[in-house]
Amino acid sequence: MRGLCAAMLFFQSIVLGLSTPVMISVEGVDRTPALVMGLGLTVLCLLTAGSLRRPQAYWVGHGIQVASIGLGFLVPIMFFVGGMFAALWIAAFRLGARIDEDKARWAREAAEQGDETDTAG
């Protein structure tokens with residue numbers, strides 16, 4: 001799960017970083033809020049991607065998705081872009097959890113088969 005979610009946050013950080021100049025030059029957002037929101041979320045994405053070993057980091061990832069959608073109030077297209085990344089984040093989170101469960105089940109089954117082989121011989 002960690003790899004998929006980290007990849008999503010990495011790609012999201014690129015998009016958020018590129019949204020900063022759009023906020024300033026195209027949408028006319030004041031420089032300070034645009035830099036704080038755009039680059040702040042960019043750095044937060046990268047820091048969170050690196051700290052996904054901790055379960056709390058996934059909650060931060062969920063918050064990043066909400067904040068990305070919230071950027072739509074400054075740049076309307078971010079409602080769509082933020083929603084798209086939120087959907088991808090949820091898919092990565094769920095698919096990653098399913099993969100982790102399958103890996104754990106396969107490891108248990110392999111261990112059980114190994115125990116049966118040891119007791120039979």
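Small disclaimer: the values here were computed from a predicted structure and weren't measured.

1. Observations regarding the overall build of the protein chain
So, point 1. A count of helical and extended segments in the protein chain gives 4 helices and 0 strands.
So, point 2. Beginning at the N terminus, the succession of helices and strands in the protein chain can be written as α-α-α-α.
So, point 3. Relative to the 2.2 N^0.38 estimate, which gives 14 Å for 121 residues, the radius of gyration of the protein chain is 20 Å and therefore markedly larger than a compact globule would have.
So, point 4. Along the longest, intermediate and shortest principal axes, the C-alpha atoms of the protein chain span 75 × 20 × 20 Å.
So, point 5. Each of the 121 residues in the protein chain was classed as buried or not, and the buried ones make up 30%.
So, point 6. Partitioning the intrachain contacts of the protein chain with sequence separation of at least 6 by distance along the chain shows that 67% fall at a separation of at least 24.
So, point 7. Carbon and sulfur atoms make up 68% of the accessible area of the protein chain, which amounts to about 7600 Å² in all.

2. Side note on the side chain of Q12
So, point 1. Assignment of secondary structure puts Q12 in helix α1 (residues 2-26).
So, point 2. In this view, Q12 contacts C45, I64, Q65, S68 and F85; residues no more than four positions away in its chain are not counted.

3. A short note on the pattern of salt bridges
So, point 1. A complete count under the given rule lists 2 salt bridges for this structure.
So, point 2. With a closest N to O distance of 3.1 Å, D102 and R105 form a salt bridge. Linking D102 with R105, this pair stays in helix α4 (residues 77-120), spanning 3 residues, or about one helical turn.
So, point 3. In this structure R105 comes out as partly exposed when scored by relative accessible area, which is 33%.
So, point 4. Taking the shortest distance from any N to any O, the salt bridge between R105 and E109 comes out at 3.6 Å. In this pair, R105 and E109 are both assigned in helix α4, 4 residues apart and thus about one turn of the helix distant.
So, point 5. Given a relative accessible area of 36%, E109 falls into the partly exposed group.

4. Overview of the confidence of the model for the protein chain
Caution applies to low-pLDDT regions: their predicted coordinates should not be interpreted in detail.
So, point 1. Summarising the model, the protein chain shows a mean pLDDT of 91, and 96% of its residues fall at 70 or more.
So, point 2. When mean pLDDT is taken per element in the protein chain, helix α3 (residues 56-70) scores highest with 96 and α4 scores lowest with 87.

5. Brief notes about α1
So, point 1. End to end, α1 covers 35 Å across 25 residues, agreeing with the expected 36 Å (1.5 Å per residue, within 8%).
So, point 2. Those residues of α1 that fall on the buried side of the exposure criterion are C5, A6, M8, L9, Q12, S13, L16, S19, T20 and M23.
So, point 3. G28, located one to two residues past α1, shows a positive phi value of around 75°.

Quick notes on the rules
- Residues numbered from 1 in each chain as written.
- Predicted model: local features only at pLDDT ≥ 70, side-chain atom pairs only at ≥ 80, totals over all residues.
- Heavy atoms only, no water.
- Helix = DSSP H or I, 4+ residues; strand = E, 2+ residues; numbered from the N terminus.
- Rg over C-alpha atoms; globule rule 2.2 N^0.38 Å.
- Buried < 20%, exposed > 50% of the residue type's maximum accessible area, 1.4 Å probe, protein only.
- Contact = heavy atoms within 4.5 Å.
- Areas by Shrake-Rupley, 256 points an atom, 1.4 Å probe, with all protein chains shown as cover.
- Salt bridge = Lys/Arg side-chain N within 4 Å of Asp/Glu carboxyl O.
- pLDDT = per-residue confidence, 0-100.
- Expected span 1.5 Å × (residues − 1).

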